[in-house]
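The primary structure of each chain is shown beneath.
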Amino acid sequence: MCIRDSYEMAVRHYMDVLERAKKIGDNELIGKVYCNLGIAHQELEQFDKAIEFYSQSLELAKELGNKEMEGLAYSNLADAYSTQEEYDEAVDYLEQTINAYTELGDKSAEGKARAELSIAQHHTEENDAAIESMEQAVKLAQEVDDKMAEAERLMQLGSLKLVAKNDNVSAESLLDQSIKVWRNIALLMRRQLLSEWQSEQQMSDNPRAVSFLQQHAAAYTMLQKALVAQNKNNLALEAAEEGRAKALHDLMVLCDDLEWETPEANVMSCTGMQELAQQQQSTIVVYSMVEPDQLLYIWTCLLYTSDAADEEDSVDLGGRRIIKKKKKAEKTDVARHV
């Protein structure tokens, strides 16, 4: 059975439950079913129907005075509009989501809504507001001691500083903070994910594992961009290598092919790469795909200065060189070699 068939079956099931709930007058159940029908239709990309059911859930929540259901309905409406890239509408609903959860005193849900608001505001080019919203989201994650959310939002805040403001220094600091939080929670998270993965047999069936690995990798990717923008190319190389090593380590641990090692274990530094090149009488080339099909970083750790160092596009950097060139692909930015 394909995924679409599953959601179509879910719609039929929820319509049957809705009919029964209406017969017995269970308004709380009706509201939940409206919400679930909206989600199923959204997954089927039937957005008009999804919005209709979310709106019915919202109306019923207001009638019942159920703020929790109201906040969820606003959040679902915002998500439906964001998925369609209608970000102005999404911003409006997210602001109402925040009001509902603030009134409830639910800081966790409020923080999630503020993070989503930040993303929507960035899409509407309200970058100052987006940064402020994400800063509030980070603070709320810290207040409720949600380390996963804190790490993710620090990464998103650093990305905003980098992309929207070209504030490379602040971005580097925030991304470093994000990585430190990831390291602090890594052991517990990996043990939990490994346990879940073993029970589910396939890691691809574990969305928490996939999300953890993706977000952790994203922090290293954005850190590389922040460092390269400041011409800290050697540090960017070390960040790329550390991110790669951690990703491989995580996968092997999750697949039960490797025992856990402390997150403080050192990865190879630039100096270490030079020493390895010397030992092996070779040149080491490191690639980092920062943005698929758009931006690739390349570092070369040279054993000795060769005739290539005399090329016009080469600059000697203490045994390393930077070669900048445009790739022919239309969407590709600058490739950097160190």
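What you see is a predicted model; the values in this text were computed from it and never measured.

Regarding the overall build of the protein
Counting its secondary structure elements, the protein contains twelve helices and five strands. Relative to its 338 residues, the protein shows a buried fraction of 45%. Here the contacts in the protein between residues at least 6 apart in sequence split such that 51% fall between residues at least 24 apart. Carbon and sulfur atoms provide 47% of the accessible area of the protein, an area that totals close to 18,400 Å².

A look at the confidence of the model for the protein
Of the residues in the protein, 77% have a pLDDT of 70 or more, and the chain-wide mean is 81. Below a pLDDT of 50 lies the segment residues 304-338, which in the model reaches 71 contacts outside its immediate sequence neighbourhood of four places, other chains included.

A short note on a negative patch on the surface
Together, Asp88, Glu89, Asp92, Glu95 and Glu126 make up a negatively charged patch on the protein surface. Locating Glu89 in the fold gives a position in helix H5 (residues 87-104). On the basis of relative accessibility, which here comes to 32%, the residue Glu89 falls in the partly exposed class.

Digging into the nonpolar core
The biggest cluster of nonpolar side chains holds 40 residues, and the ones touching the most others in it are Leu237 and Trp299. Those elements that place two or more of their residues in this core are helix H7 (127-143), helix H8 (147-165), helix H9 (168-200), helix H10 (207-229), helix H11 (233-254), helix H12 (270-280), strand E1 (284-291) and strand E2 (295-301).

Details of the environment of Asp79
Tracing the sequence through the fold places Asp79 in helix H4 (residues 67-83). Classification of Asp79 as partly exposed rests on a relative accessible area of 41%. Distance in space between the C-alpha atoms of Asp79 and Glu116 is 8.8 Å, their sequence separation being 37 residues.

Re the packing of aromatic side chains
What the rule picks out here adds up to four aromatic pairs. Taken together, a centroid distance of 6.3 Å and an interplanar angle of 35° make the contact between Tyr74 and Tyr93 tilted. Taken together, the residues Tyr74 in helix H4 and Tyr93 in helix H5 connect sequence positions 19 residues apart. Look at Tyr93 and you get partly exposed, because its relative accessible area is 21%. Within the aromatic cluster, the residues linked to one another by ring pairs are Tyr74, Tyr81 and Tyr93.

Focus on unusual backbone geometry
In terms of backbone geometry, most residues other than glycine have negative phi values and most peptide bonds are trans. At Glu45, a residue that is not glycine, the phi angle is positive and equals roughly 65°. For Glu45, the location among the structural elements is in the loop between helix H2 (27-43) and helix H3 (47-64). For Asp145, which is not glycine, the phi dihedral falls at a positive 60°. Within the secondary structure layout, Asp145 lies in the loop between H7 and H8.

A few points about the pattern of salt bridges
In the structure shown here, the tally under the stated rule is 13 salt bridges. The partner of Lys147 in a salt bridge is Asp145, with the nearest N and O atoms 3.8 Å apart. According to the relative accessible area criterion, Lys147 is partly exposed, its value standing at 36%. Under the relative-accessibility criterion, Asp145 is labelled exposed at 54%. Sharing partners across several salt bridges, the network here consists of Lys67, Glu70 and Glu103.

Observations concerning the side chain of Arg153
Tracing the backbone shows Arg153 in helix H8. Despite its burial, Arg153 remains without a salt bridge, the nearest opposite charge being carried by Asp146 at 5.5 Å. Filtering out sequence-adjacent residues up to four positions away, Arg153 remains in contact with Ser108, Gly111, Lys112, Ala115, Met134, Ala137, Val138 and Ala141.

A short note on H3
For H3, which comprises 18 residues, the first-to-last C-alpha distance of 26 Å matches the rise-based estimate of 26 Å (1.5 Å per residue) to within 8%. Listed in full, the buried residues belonging to H3 are Phe47, Ala50, Ile51, Phe53, Tyr54, Ser57, Leu58, Leu60 and Ala61. Those residues of H3 hidden inside the fold are in contact with helix H1 (3-24), H2 and H4.

Here is what the cut-offs are and how they apply
- Residues numbered from 1 in each chain as written.
- Predicted model: local features only at pLDDT ≥ 70, side-chain atom pairs only at ≥ 80, totals over all residues.
- Heavy atoms only, no water.
- Helix = DSSP H or I, 4+ residues; strand = E, 2+ residues; numbered from the N terminus.
- Buried < 20%, exposed > 50% of the residue type's maximum accessible area, 1.4 Å probe, protein only.
- Contact = heavy atoms within 4.5 Å.
- Areas by Shrake-Rupley, 256 points an atom, 1.4 Å probe, with all protein chains shown as cover.
- pLDDT = per-residue confidence, 0-100.
- Patch = residues over 30% accessible without salt bridge, like charges linked within 9 Å, V, L, I, M, F, W, Y side chains within 5 Å.
- Salt bridge = Lys/Arg side-chain N within 4 Å of Asp/Glu carboxyl O.
- Lys, Arg positive; Asp, Glu negative; His and termini not counted.
- Charge placed at Lys NZ, Arg CZ, Asp CG, Glu CD.
- Core = buried A, V, L, I, M, F, W, Y, C linked by side-chain atoms within 4.5 Å.
- Phe/Tyr/Trp six-rings, centres within 6.5 Å; stacked < 30°, edge-to-face > 60°.
- Expected span 1.5 Å × (residues − 1).

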